[in-house]
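Here are the chains, one letter per residue:
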Amino acid sequence: MNRFALPLGIFTLLVVLLAIGLSLDPREVPSPFIGKPTPVFSLPALYQPDQQFSPQQLEGKVWLFNVWASWCVSCRQEHPLLMQLSKQNLVPIYGLNYKDESNDAKQWLQQWGNPYQLSAHDLTGSVGIDWGVYGVPETFVVDKAGVVRHKHIGPVTVDALENELLPLVKKLQAEG
Amino acid sequence: MIPELGHFALILALSLTVVQAVMPLVGAWKNIPEWIAIARPSVWAQLLFMLVAFACLTYSFIVHDFSVAYVANNSNTELPLLYRISAVWGAHEGSLLLWALALSLWTGGVTVFSRNVPDRMLARVIGVMGLVSIGFLLFMILTSNPFDRLFPVPVQGRDLNPLLQDPGLAIHPPMLYMGYVGFSVAFAFAIAAMLGGKLDAAWAKWSRPWTNVAWMFLTFGIALGSWWAYYELGWGGWWFWDPVENASFMPWIMGTALMHSLAVTEKRGSFKAWTVLLAIFAFSLSLLGTFLVRSGVLTSVHAFATDPTRGVFILMFLAFVVGGSLLLYAIRAPQIRTASQFDVFSRDTALLFNNVLLVVVTASILLGTLYPLAIDALGAGKISVGPPYFNSVFVPLTIPLAMLVGVGALMRWKTDTPSRLVKKLWPVLLVSVVVAMVLMFSFAAEVKPMALVGVVLAIWVMASTIYGIWDRVKDKQKKISALIKAPLGFYGMSMAHFGVGVFIIGITLTSLYSSEKDVRLAPGDNYQLGGYEFAFNGVQRAQGPNYVAHQGNLTVKRDGELVAMLEPEKRFYRAQSNPMTEAAIDAGITRDLFVALGEELKNDNAWSVRLYHKPFIRWIWMGAFLMGLGGLLAACDKRYRVKNKEAA
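Draft legend 1. Fine view of helix α1 (residues 6-22) of chain A. Between its first and last C-alpha atoms α1 of chain A spans 25 Å; for 17 residues at 1.5 Å apiece the expected length is 24 Å, and the two agree. Those residues of α1 of chain A that sit buried are Pro7, Leu8, Phe11, Leu14, Val15, Leu17, Leu18, Gly21 and Leu22 of chain A.

Draft legend 2. Up close: a nonpolar patch on the surface. All names here are of chain B. A cluster of nonpolar side chains, namely Tyr59, Ile62, Val63, Leu81 and Ile85, defines an oily patch on the protein surface of about 400 Å² accessible area. Within the residue set of the nonpolar patch, elements represented by two or more residues are α3 (39-62) and α5 (81-86). Mapped onto the secondary structure, Val63 falls in the loop between α3 and α4 (69-74). With relative accessibility at 39%, the residue Val63 sits in the partly exposed group.

Draft legend 3. View of the sheet that holds strand β3 (residues 63-68) of chain A. All names here are of chain A. What the 5 strands build is an open sheet, ordered β5-β4-β3-β6-β7; its pairing is mixed. Strand pairing shows two members of the sheet lacking a second neighbour, β5 (118-122) and β7 (148-153), which therefore form its edges. When the angles between neighbouring strand axes are averaged without regard to direction, this sheet yields 20°. Note: β3 against strand β4 (residues 93-98), 5 bridges, orientation parallel. From the neighbouring strand, Phe65 faces β4, where its bridge partner is Tyr94.

Draft legend 4. Quick peek at unusual backbone geometry. All names here are of chain B. With an omega dihedral of -5°, the bond running from Phe151 to Pro152 counts as a cis peptide bond. For Pro152, the location among the structural elements is in the loop between α7 (119-143) and α8 (167-196). Despite not being glycine, His64 has its phi angle at roughly 55°, a positive value. Along the chain, the position of His64 falls in the loop between α3 and α4. Phi at Asp159 is positive, roughly 80°, even though this residue is not glycine. Relative to the elements of secondary structure, Asp159 occurs in the loop between α7 and α8.

Draft legend 5. Up close: the nonpolar core. Ranked by internal contacts, the top residues of the largest apolar core, which has 160 residues, are Leu18 of chain A together with Trp203 of chain B. Two domains share this core, each providing at least three of its residues, namely domain 1 (1-165) and domain 3 (515-616) of chain B. If you look at the next biggest cluster of nonpolar residues, it comprises 44 residues, including Leu46, Val91, Ala120 and Val133 of chain A.

Draft legend 6. Fine view of helix α15 (residues 418-443) of chain B. All names here are of chain B. Its 26 residues place the ends of α15 36 Å apart at the C-alpha level, agreeing with the 38 Å of an ideal helix rising 1.5 Å per residue. Along its length, α15 shows its largest kink, about 40°, at Leu425, and proline Pro427 lies within four residues downstream of that point. The set of residues buried in α15 consists of Arg420, Leu421, Lys424, Leu425, Val428, Ser432, Ala436 and Met440. Where α15 is buried, its residues meet α14 (387-410), α16 (449-473) and α18 (488-513).

Draft legend 7. The arrangement of the packing of aromatic side chains in detail. Residue and element names in this part refer to chain B. Under the definition given, this model contains 41 aromatic pairs over all chains. Where Trp241 meets Phe390, the ring centres are 5.0 Å apart and the plane angle is 10°; that geometry is what we call stacked. Placement of the pair is Trp241 in the loop between α9 (202-232) and α10 (243-268) and Phe390 in helix α14, with a sequence separation of 149 residues. Neither residue differs from the other here; Trp241 and Phe390 are each classed as buried. Look at Tyr547 and Tyr573: their rings are 5.1 Å apart centre to centre, the planes differ by 50°, and that puts the pair in the tilted class. Of this pair, Tyr547 sits in strand β4 (residues 547-558) while Tyr573 sits in strand β6 (residues 569-573), placing them 26 residues apart in sequence.

Draft legend 8. Up close: the pattern of salt bridges. Residue and element names in this part refer to chain B. The full count for this structure, using the stated rule, is 16 salt bridges over all chains. A salt bridge links Arg40 to Asp119, with the shortest nitrogen-to-oxygen separation between them at 3.9 Å. One end of the pair, Arg40, is in helix α3; the other, Asp119, is in helix α7, with 79 residues separating them in the sequence. Among the ionic pairs, Arg571 bridges to Glu569, the shortest N-O distance being 2.7 Å. Each of the two residues, Arg571 as well as Glu569, counts as buried. When salt bridges with common partners are traced through the structure, they connect Glu4, Asp65 and Arg149 into a single cluster.

Draft legend 9. Fine view of the pairing of β6 of chain B. Residues and elements named next belong to chain B. Taking burial as the measure, the 5 residues of β6 include 4 buried ones, the bulk of the element. The pairing of β4 with β6 spans 5 bridges and is classified as antiparallel. Within β6, the position partnered with His550 by the bridge is Lys570.

Draft legend 10. Region of interest: the pairing of β3 of chain A. Residue and element names in this part refer to chain A. β3 sits mainly inside the fold: 6 of its 6 residues count as buried. Of the two faces of β3, both are covered, the one formed by Trp63, Phe65 and Val67 as well as the one formed by Leu64, Asn66 and Trp68. Looking at chain direction, β3 and strand β6 (residues 138-142) are connected through 5 bridges and run antiparallel. Looking at β6, one finds that Phe65 is bridged to Phe140. Read as a crossover between parallel neighbours, the route from β3 over helix α2 (residues 73-88) to β4 is right-handed.

Cut-offs used in this document
Residues numbered from 1 in each chain as written. Chains lettered and ligands numbered in written order. Predicted model: local features only at pLDDT ≥ 70, side-chain atom pairs only at ≥ 80, totals over all residues. Heavy atoms only, no water. Helix = DSSP H or I, 4+ residues; strand = E, 2+ residues; numbered from the N terminus. Expected span 1.5 Å × (residues − 1). Buried < 20%, exposed > 50% of the residue type's maximum accessible area, 1.4 Å probe, protein only. Patch = residues over 30% accessible without salt bridge, like charges linked within 9 Å, V, L, I, M, F, W, Y side chains within 5 Å. Areas by Shrake-Rupley, 256 points an atom, 1.4 Å probe, with all protein chains shown as cover. Salt bridge = Lys/Arg side-chain N within 4 Å of Asp/Glu carboxyl O. Pairing = 2+ DSSP bridges. Axes fitted to C-alpha atoms, helices over the stretch in contact; angles between N-to-C directions. Core = buried A, V, L, I, M, F, W, Y, C linked by side-chain atoms within 4.5 Å. Domains from an automatic or database assignment. Bend = angle between axes of the 7 residues up to and from the residue. Contact = heavy atoms within 4.5 Å. Phe/Tyr/Trp six-rings, centres within 6.5 Å; stacked < 30°, edge-to-face > 60°. Right-handed = clockwise from strand over helix to strand, strands pointing away.

This is the structure we're talking about:
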């Protein structure tokens, strides 16, 4: 082993590192909530402020929890897909109206359509923090036992819906 | 039909590349003159088919042939012609084609301009470049074919990413790739010299002009990219230490080191093994950059659509090219004998110092770029390394480098004395400090210590460079004719060094004195920033070829006098349905005024508007431009074109 072989040695280590790197996805930021029961909360429903919504009411059902706001541009992008999904009756969608004025939110739903069974109204954003929301829109998949199984960050795309969300929903619905 | 022609041309080019790689290399090894003679014609034939392939893809874009998947994904019938052409290299597949074409062009250039190189050596150079070419063409044909068809044929294309619909970005990638790929010439010369077992100074002389030209392209490419990021991304920044930027910056620094080291090897016959290593590193870092950008191992704003099979291929290719070269180096380098000696105080030492610093800078950037990957690979979490790390590592390492720029150029080869230099340079230093102080105290609103350091440093670099020109002629009788007779290489060096000074002024003043403000403006509102008064006149609708826009209108005044009318836009591209910020800039020598339109606020027609005042930011690109031009001048030095007899 001579000193001129040193660069080769270092390079070999680099290749090993890069090879390991290929099997990792740098975009995947694991959410600490995946596999945990849904964070507990109780919020007024958007259209019936005197009625409280809490995720425990949905036990026994697989459901999507979509975080949205009237001020969110990307939400408008995913909205047609959510509308289509709600018409197909494959899975109920519940909304978390995040840091939004009640009137703005209602007007927005009136204009673009309402895909939600119900939207919980999170004016202060405190529930969003409990759910680890760091950008709107985000979509969670919750199973029958009330455990968060998946989190989709950013607008739902056709690709994500058909290849990730819906297959997962079907699998979860088939589970006991 | 045309796309098929392109596809076949690509396959033929690959076959010819195999000929170009195998026959000359074997011919040079076994000394078969007929096989050596194949080298040049095979390059020309290969280049011809690459041009055909490229022309076919360009044609498919121009006529909107959406049956080609790549065209459908990156073009649109509403896309203007200029961007239909630049869309050819707007995404992964086409940019690879451009990469491979650039390599063919460089190889073609070598066959034409390196007539003074002995045939056997040239055959090896061409063979090595052919091996690299095989890798890229295989990669393209197997994993990323730009001519793949799409069925059913869509009626409309998905359009080019709006960020790329910009004249600056139309020429940025070709420049960058010419730079990246250009380092393959010095690399091929180094490998060829090692294969031939004759690691003398001759290969250094042959590869110097090539390295200079490649470096020039890379300099322009990076500068254009930075300029583009500045006005197109709308953040007012010009360098983000993004992994992809680093991927282009690392070969640039290594190329800078290589240029300086080649000078020592050619002139003095020393640093031989080291220079070979730098030539390998510069090109390896270009390849590594390609890997990082296209494999998806790192997150970046510039990343191409990624695919693991591509990553595996490039990694194998990287391992073959770089691993093979380093193995060859490990075998051959121990036999290299350096004949010449030099003193501790000499230009040789100064250049060694330059090399060591530049390599350390590159290593730190590489470390910072790969660190998130390493942490992730060890399963220790996800982190990102950002500007704080890079700035705190980069700045201290480059300060000594800048201090030495002018000094090193004045030093003598082999041996020099400190007293000789001190005698020459102390008045220059004094002048630099005084001029910097006077300028800062008379023009700056607030004299920041770091700014003063930066300006002194910059003026020192410029002054000592100009002094270097004077020093060359001051003892001559006919000063003007001595100036004219001085070699272009010398002027190239001086211009590039002067550019470093200009560049330092730009970075220092921009990073320390910029001001920016996010404000809410309703029509009729005013805002003061950096001594300028920005008046907002409102927003109107505007229509582009493939987008609609909100166009703001601002009047900028200084002391009541009109300075500029700025019209920043918020564009919405129809096909891709995403909004784009198109900043409006009033450019100037001493400052830029930069306005970006944010979001429309509720009711009363108010908008959030971002205002920037950026002093001396143009100097960053002016400096880079001077550096690149210097590289070109040096490459044109006529002594590279004279016949080299002793090497034949």
